[in-house]
Amino acid sequence: MRIPEPAALLRPGSGPHRATFLELFFDLVFVFALTRISARAFEDLALEGGKTGWTAVTGGGKTLLLLLALWAVWQGTAWTTSRYDPYHIWLQTVVIIALVGSMVMGVTIPRAFSSMGLGFAAAYVAVQVSRPGILLLTLGRLQHRRLKLRMLITFSATGVLWLTGSLLPTDARVTLWAVALLLEYLAGRLGWPVPGLGRSTVSRWDIHGEHLAERYQQFFLVALGETILIAGLAYSRAPDDAARTAAFAAALLTTVLLWRIYVQRAGRILGEAVTRAAHPASIGRSAADTHLVMVIGVVATAIGYELVNEHPTGHNQVGWLAMILGGPAVFLLGRARFEYEVFGRVSPSRWVAVLVLVLLMPVLKPAWPLTGAIATPLVAAFAAPLVLLGVAVADARRAWGRPPEEAAPPF
């Protein structure tokens, strides 16, 4: 444990910059939290079978809102440990508060818009306010102190919206929480502007690129792990059923292909790309948005395969196709932007695959009510990995016999 002096709070410029055990422990909470996100979405799409059309859309929107709140907590913590010494006692305090708050948020997710809204909002606000508050007190006269003051003021203001919304009916709660998240996102994009205090320039933010890149990679693995966990739990309820076995196999194949497409090759050298960029914080912030899109795609895919495993012969619900085929499509859109961030280009196979997945939806939908026929959810479940396999093969062919491509970020 390092001496808790304000000057010691900055991350040292040399030495190892791997994620600490406490940060990895923090990530484990999100494995649980993401399963709660999936459980809530599954409840909207399957367990409450009468929910179709607009009701299913609004249910999905509310679940997405909760996922964005979780991401905001994780990302804020990851950026903090990337800018400051994660072995400092006050930084460890920040991470532990975020860990406990994230666990409370995860527990309350299934009933966040009913009986447990106050618990979810209070945990979120406590994490977001305590982080800049602790740093403001411990940074002393260092240059980042003014930035933390702006962040503290912003999160305190939006915290009023979060807590007020938790006491209101569902529609008003969703509105206030969405406005609060939007204000926080815009504040971060604009440098946390506050009247009388100005705003910060992103290019001046000091981060350790390799550490931040590793943290994004680790969260993506958390999302993949959640996919495997959800598929395994769903399959274990009836492992002797042939249709469920096929659905489980499709889920595993899809998960492997999502991993393969991510790591080839941009996922391996994100740290190098951040380091080479003229303004590492700019590519770091862009990579944050990109990984959020990819994680949303992976979580949607996990929900889709849970639906398939529970009901392999299907129901006539468009929302199912949106998860089974739309999840991989959203992932590929994020992966295309990720490729641009690292190499300054996008492979055509990404766009072709997204187009094929989108075109498959109207093709499969008309035959969906034919329960027991060939056109069942299992068809969509195997169509998605076949499309992803085409992308993986295209990536392998492009790299075959060539030296490893170096990062060339356009930032």
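The coordinates are above.
Figured I'd write up the structure that's included with this text. Remember, predicted model here, so these are calculated numbers, not experimental data.

## Topic: the packing of helix H5 (residues 145–166) against helix H6 (residues 170–189)
A packed helix pair is summarised by two numbers, namely the angle formed by the two axes and the spacing between the axes.
Turning to step 1, where the next piece is worked out: Viewed as axis vectors pointing N to C, H5 and H6 meet at an angle of 165°, and their least axial separation amounts to 8 Å. Put simply, H5 runs roughly antiparallel to H6. The interaxial crossing formed by H5 with H6 has left-handed handedness. Residues Thr154, Phe155, Thr158, Leu161, Trp162, Thr164, Gly165 and Ser166 of H5 form the contact with H6, whose own contacting residues are Arg173, Leu176, Trp177, Val179, Ala180, Leu181, Leu183, Glu184 and Ala187.
Turning to step 2, where the next piece is worked out: Across the contact of H5 with H6, the residue classes tally to ten nonpolar, five polar and two charged.

## Overview of the packing of aromatic side chains
Turning to step 1, where the next piece is worked out: A full pass over the atoms with the stated rule returns 17 aromatic pairs.
Turning to step 2, where the next piece is worked out: Here the aromatic rings of Trp162 and Trp177 are separated by 5.2 Å at their centres, their planes lie at 35°, and the arrangement is tilted. Within this pair, whereas Trp162 is found in helix H5, its partner Trp177 is found in helix H6, the two being separated by 15 residues in sequence.
Turning to step 3, where the next piece is worked out: Since its relative accessible area comes to 0%, Trp177 is described here as buried.
Turning to step 4, where the next piece is worked out: Joined through ring pairs, the aromatic side chains of Phe26, Phe30, Trp71, Trp74, Tyr216 and Phe219 make up one cluster.
Turning to step 5, where the next piece is worked out: We note Lys62 situated over the ring of Phe113; from NZ or CZ to the ring centre the distance is 5.7 Å.

## Some points on unusual backbone geometry
Turning to step 1, where the next piece is worked out: Put simply, Gln264 and Arg265 share a cis peptide bond, and its omega is -20°.
Turning to step 2, where the next piece is worked out: Relative to the elements of secondary structure, Arg265 occurs in helix H8 (residues 242–267).
Turning to step 3, where the next piece is worked out: Residues other than glycine seldom take positive phi values, yet Trp192 does so here, at roughly 55°.
Turning to step 4, where the next piece is worked out: Structurally, Trp192 can be placed in the loop between H6 and helix H7 (209–236).
Turning to step 5, where the next piece is worked out: By relative accessible area, Trp192 is classed as buried at 9%.

## Re the pattern of salt bridges
Turning to step 1, where the next piece is worked out: Using the criterion set out here, one finds 13 salt bridges in the structure.
Turning to step 2, where the next piece is worked out: A salt bridge links Arg237 to Glu310; the nearest nitrogen and oxygen atoms lie 2.4 Å apart. With Arg237 in the loop between H7 and H8 and Glu310 in helix H10 (residues 280–310), the pair connects residues that are 73 residues apart, well separated along the chain.
Turning to step 3, where the next piece is worked out: Taking relative accessible area as the criterion, Glu310 reaches 17% and is therefore assigned buried.
Turning to step 4, where the next piece is worked out: Of the charged contacts, one joins Arg345 and Glu405 as a salt bridge, the two residues approaching to 2.5 Å between their closest N and O atoms. Of this pair, Arg345 sits in the loop between helix H12 (326–343) and helix H13 (348–364) while Glu405 sits in the segment after helix H14 (377–399), and the two are 60 residues apart along the sequence.
Turning to step 5, where the next piece is worked out: Among the residues examined, Arg345 registers a relative accessible area of 25% and is labelled partly exposed.
Turning to step 6, where the next piece is worked out: Three or more residues joined by partner-sharing salt bridges are found here, namely Glu339, Arg345, Arg350, Asp395, Arg398 and Glu405.

## Focus on the packing of H12 against H13
Turning to step 1, where the next piece is worked out: Between H12 and H13, whose axes approach to 9 Å, the crossing angle comes to 165°. The angle between H12 and H13 places the two elements in the roughly antiparallel class. The hand of the H12/H13 crossing is left-handed. Across the interface between the two elements, Gly326, Pro328, Ala329, Leu332, Leu333, Arg335, Ala336 and Glu339 of H12 pack against Arg350, Trp351, Ala353, Val354, Leu357 and Met361 of H13.
Turning to step 2, where the next piece is worked out: Across the contact of H12 with H13, the residue classes tally to ten nonpolar, one polar and three charged.

## Concerning the side chain of Ser38
Turning to step 1, where the next piece is worked out: Summarising the element assignment, Ser38 is placed in helix H1 (residues 21–47).
Turning to step 2, where the next piece is worked out: Discounting residues that sit within four places of it in the chain, Ser38 has contacts with Glu226, Ile230, Val299, Ile303 and Glu306.

## Digging into helix H3 (residues 89–108)
Turning to step 1, where the next piece is worked out: Compared with an ideal rise of 1.5 Å per residue, which puts 20 residues at 28 Å, H3 spans 29 Å between its outermost C-alpha atoms and is within 8% of the ideal.
Turning to step 2, where the next piece is worked out: Taken together, the buried positions of H3 are Leu91, Gln92, Val94, Val95, Ala98, Leu99, Gly101, Ser102, Met105, Gly106 and Thr108.

## Focus: the side chain of Thr254
Turning to step 1, where the next piece is worked out: Looking at where Thr254 falls in the secondary structure, it is placed in helix H8.
Turning to step 2, where the next piece is worked out: Residue Thr254 is classed as buried on the basis of its relative accessible area, which comes to 0%.
Turning to step 3, where the next piece is worked out: A polar side-chain atom of Thr254 sits 2.7 Å from a polar atom in the side chain of Tyr305.
Turning to step 4, where the next piece is worked out: Those residues in contact with Thr254, other than ones at most four positions away along the chain, are Thr301, Tyr305, Ala381, Pro385 and Leu388.

## Structural notes on the environment of Ile303
Turning to step 1, where the next piece is worked out: Within the secondary structure, Ile303 is located in helix H10.
Turning to step 2, where the next piece is worked out: Relative accessible area serves as the criterion here: at 3%, Ile303 is assigned to the buried category.

## A few points about a nonpolar patch on the surface
Turning to step 1, where the next piece is worked out: Among the surface-exposed residues, Leu182, Tyr185, Leu186 and Leu190 lie close enough to one another that they form a single nonpolar patch of about 370 Å² accessible area.
Turning to step 2, where the next piece is worked out: Looking at the element boundaries, Leu186 is found in helix H6.
Turning to step 3, where the next piece is worked out: Take Leu186: its relative accessible area is 38%, and that puts it in the partly exposed class.

## Points about the environment of Ile269
Turning to step 1, where the next piece is worked out: Looking at the element boundaries, Ile269 is found in the loop between H8 and helix H9 (270–276).
Turning to step 2, where the next piece is worked out: In this structure, the C-alpha to C-alpha distance between Ile269 and Glu405, residues 136 residues apart in sequence, is 9.5 Å.
Turning to step 3, where the next piece is worked out: Excluding residues within four positions of it along the chain, Ile269 makes contact with Val342, Phe343, Glu405, Glu406 and Ala407.

The rules behind the values
Residues numbered from 1 in each chain as written. Predicted model: local features only at pLDDT ≥ 70, side-chain atom pairs only at ≥ 80, totals over all residues. Heavy atoms only, no water. Axes fitted to C-alpha atoms, helices over the stretch in contact; angles between N-to-C directions. Helix = DSSP H or I, 4+ residues; strand = E, 2+ residues; numbered from the N terminus. Parallel < 35°, antiparallel > 145°, perpendicular 65-115°, else oblique. Left-handed = near helix turned anticlockwise from the far one by under 90°. Contact = heavy atoms within 4.5 Å. Nonpolar A, V, L, I, M, F, W, Y, C, P; charged D, E, K, R; others polar. Phe/Tyr/Trp six-rings, centres within 6.5 Å; stacked < 30°, edge-to-face > 60°. Buried < 20%, exposed > 50% of the residue type's maximum accessible area, 1.4 Å probe, protein only. Lys NZ or Arg CZ within 6 Å of the ring centre and 35° of its normal. Salt bridge = Lys/Arg side-chain N within 4 Å of Asp/Glu carboxyl O. Expected span 1.5 Å × (residues − 1). Polar contact = N/O pair within 3.5 Å; in protein donor to acceptor, adjacent residues only side chain to side chain. Patch = residues over 30% accessible without salt bridge, like charges linked within 9 Å, V, L, I, M, F, W, Y side chains within 5 Å. Areas by Shrake-Rupley, 256 points an atom, 1.4 Å probe, with all protein chains shown as cover.

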